Amino acid sequence: MIRLLVVDDSALMRRLLGGLFAAEGDFEVAFARDGREALAAHARFRPDVVTLDVAMPGLDGLACLDGIMLERPCAVVMLSGLTAAGAEVTLDALERGAVDFIAKPSGAVSLDFDRIGPAIVQKVRAAAGARLRPALGLGARVRARTSLARHRPGGEPRPGENPRPGGDPRPGVEPRSHAQPQRAGGVRPGGLVLVGTSTGGPRALDALLSRLPADFPWPVIVAQHMPGSFTGPLARRLDGLCALGVEEVGRPLPLAPGRIYVGRGDADVIVARRPAGLVAAPIPAHPDHLWHPSVDRLVDSALDHVDPARLIGILMTGMGRDGARAMTALRARGGRTIAESEETAAVWGMPGELVRAGGADVVAPLDAIADSLLGMLP
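Predicted model only: the values in this text are computed from it and were never measured.

Draft legend 1. Highlighting unusual backbone geometry. Residues H292 and P293 are joined by a peptide bond in cis, for which omega reads -5°. In this structure, P293 sits in the loop between β12 (277-284) and α9 (295-305). Positioned with a positive phi, R46 is a non-glycine residue whose angle comes to about 55°. Summarising the element assignment, R46 is placed in the loop between α2 (35-45) and β3 (49-53). If you check the backbone angles, D266 has positive phi at about 60° while not being a glycine.

Written out as structure tokens, the structure reads:
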């Protein structure tokens, strides 16, 4: 049995989630109405997975997540609204150690819930088997929050409060080192790097892309499975972290050396040729692909327009198999590929499928992927 703790201040959401997982037959479900109840239930029930609402009165989702990770780390899946503010808080939660997130249903909640229920179950099952990565700086952040609460009337932290003491500028993300991998000077332009990620992807992208030097000579296109309201905030966060410029592909963008292009969520991103040259372009999500932006569709489009010998594919953490087929074909046609190793992937689904298909030139832990990429440049 998978022990699941559902934390939500909405009685309707607790009822819907409880019924969804009870029907699966292999979940034991407990409930909490707010962050304080959640921490008590977490200590008593000892869940394998927690679904945690972002916005709750009193002790909010971020503060509750910190408490879970400090006291007894377990897999946490955040429940978030599809707003810009919800996206920012959710990305913060992923950096703090949450495994994944679920976009809360909108409109007629019970009807929408029937549609997204299978995806919710799939995400929670994947989280139950996910590899947890430590949230760096957690102890200092919790101590800072406690200190602020002591000096505030009533002693309660404000919802969403996010003190960031010195040395921990971005909670849950390893501080960026000034030491960069060997630079890529002298490499011929004209190539393209294709990166695919899903569950656990934001932290993996931080680790990979922040290590690319400012003179990296090829464009990089990222297909990260996410809703459309999340990929813009993700691109802005990466832009603040990386030496290379990062932007979301909301319209056709000319591919330029040393730029990173993040595909817009709820759509697919492809490589297309225009009179002035190659572009990264958003197109409507294709129903033949389950997750979007589709990694397979991105790689297929690149193979249509770029010499395979000038393509490098990187497949990192994520559930499912998106990207494995197309990157295996990429390698067979003379391109190069890198798969994240099982030892560091939060979920070794996508990269594991690439390895099992014989489509990976290199299988590397996350902290070695940037060096492997630079070593492949011709």
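Structure's up, so let's keep going.
Draft legend 2. Structural detail: the packing of aromatic side chains. The full count for this structure, using the stated rule, is 2 aromatic pairs. Seen from their ring centres, F101 and F230 are 4.6 Å apart, and the 10° between their planes marks the pair as stacked. Linking F101 in strand β5 (residues 100-103) with F230 in helix α8 (residues 228-241), this pair joins segments that are 129 residues apart in sequence. Residue placement shows R3 over the ring face of F45; its charged tip is 4.2 Å from the ring centre.

Draft legend 3. Main features of the UniProt feature "active site" (unreviewed entry) in the protein chain. Here the UniProt feature "active site" (unreviewed entry) sits at S198, H225 and D322. In summary, the annotated positions, though distributed over 125 residues, converge in three dimensions, the widest C-alpha pair being only 9.7 Å. When you line up the elements, H225 lands in the loop between β7 (220-224) and α8. Mapped onto the fold, D322 is located in the loop between β13 (311-315) and α10 (324-332). Of the polar contacts made by the side chain of D322, one reaches the side chain of H225; its length is 2.7 Å.

Draft legend 4. Molecular detail of the pattern of salt bridges. For the structure shown, the criterion picks out 18 salt bridges. Residue R331 is joined to D361 by a salt bridge in which the shortest nitrogen-to-oxygen separation is 2.8 Å. Here R331 is found in helix α10, whereas its partner D361 is found in the loop between α11 (350-356) and β15 (362-364), with 30 residues between them in sequence.

Draft legend 5. Quick peek at the side chain of S294. Position of S294 relative to the elements: it lies in the loop between β12 and α9. Among the polar contacts made by the side chain of S294, one reaches the main-chain amide nitrogen of R297 at a distance of 3.0 Å.

Draft legend 6. Region of the structure containing the side chain of T337. Within the secondary structure, T337 is located in strand β14 (residues 336-340). Owing to a relative accessible area of 0%, T337 belongs among the buried residues under this scheme. For T337, the contacting residues outside a window of four places in its chain are G313, M327, L330, R331, G359, A360, D361, V362 and M376.

Draft legend 7. Focus on the nonpolar core. The biggest cluster of nonpolar side chains holds 61 residues, and the ones touching the most others in it are L209, F216 and I314. Here the element with the most residues in this core is helix α3 (residues 61-71); it accounts for 6 residues. Non-local contacts of F216, meaning those with residues more than four positions away in its chain, are made with V193, L244, P257, G258, L373, L374 and L377. Of all hydrophobic cores here, the second largest spans 27 residues; its members include L192, I221, A223 and L354.

Draft legend 8. Examining the state of the cysteines more closely. Applying the stated criterion across every chain yields a total of 0 disulfides. Its sulfur unpaired, C74 is 9.6 Å from the next cysteine sulfur, which belongs to C64. C74 gets classed as buried once you look at its relative accessible area, which sits at 4%.

Draft legend 9. Layout of α9. Counting buried positions along α9 yields 8 of 11 residues, so the element is predominantly enclosed. All buried positions along α9 are accounted for by V295, D296, R297, L298, V299, S301, A302 and L303. Put simply, S294 is the residue that caps the front of α9, since its side-chain oxygen is 3.4 Å from the backbone nitrogen of D296.

Draft legend 10. Seen up close, the sheet that holds strand β4 (residues 75-80). Spatially, the 5 strands line up as an open sheet ordered β2-β1-β3-β4-β5, and their pairing is parallel. Each edge of the sheet is formed by a strand with only one pairing partner; in this case those strands are β2 (27-32) and β5. Looking at each pair of strands side by side, their axes are set apart by 20° on average, direction ignored. Bridge analysis of strand β1 (residues 2-7) against β3 gives 4 bridges, and the strand direction is parallel. Bridged to V7 within β3 is L52. Set on the sheet, helix α1 (residues 11-22) makes contact with β1, β2, β3 and β4; between it and β2 the angle comes to about 170°.

Draft legend 11. Examining the pairing of β2 more closely. Two elements, β1 and β2, share 6 bridges in a ladder whose sense is parallel. In the sheet register, V7 faces β2, and the bridge partner there is A32. You can see the chain leave β1, run along α1 and come back into β2, and the turn it takes is right-handed.

What counts as what
- Residues numbered from 1 in each chain as written.
- Predicted model: local features only at pLDDT ≥ 70, side-chain atom pairs only at ≥ 80, totals over all residues.
- Heavy atoms only, no water.
- Helix = DSSP H or I, 4+ residues; strand = E, 2+ residues; numbered from the N terminus.
- Phe/Tyr/Trp six-rings, centres within 6.5 Å; stacked < 30°, edge-to-face > 60°.
- Lys NZ or Arg CZ within 6 Å of the ring centre and 35° of its normal.
- UniProt positions renumbered as here; feature names shortened; annotations may be inferred.
- Polar contact = N/O pair within 3.5 Å; in protein donor to acceptor, adjacent residues only side chain to side chain.
- Salt bridge = Lys/Arg side-chain N within 4 Å of Asp/Glu carboxyl O.
- Buried < 20%, exposed > 50% of the residue type's maximum accessible area, 1.4 Å probe, protein only.
- Contact = heavy atoms within 4.5 Å.
- Core = buried A, V, L, I, M, F, W, Y, C linked by side-chain atoms within 4.5 Å.
- Disulfide = S-S within 2.5 Å.
- Pairing = 2+ DSSP bridges.
- Axes fitted to C-alpha atoms, helices over the stretch in contact; angles between N-to-C directions.
- Right-handed = clockwise from strand over helix to strand, strands pointing away.

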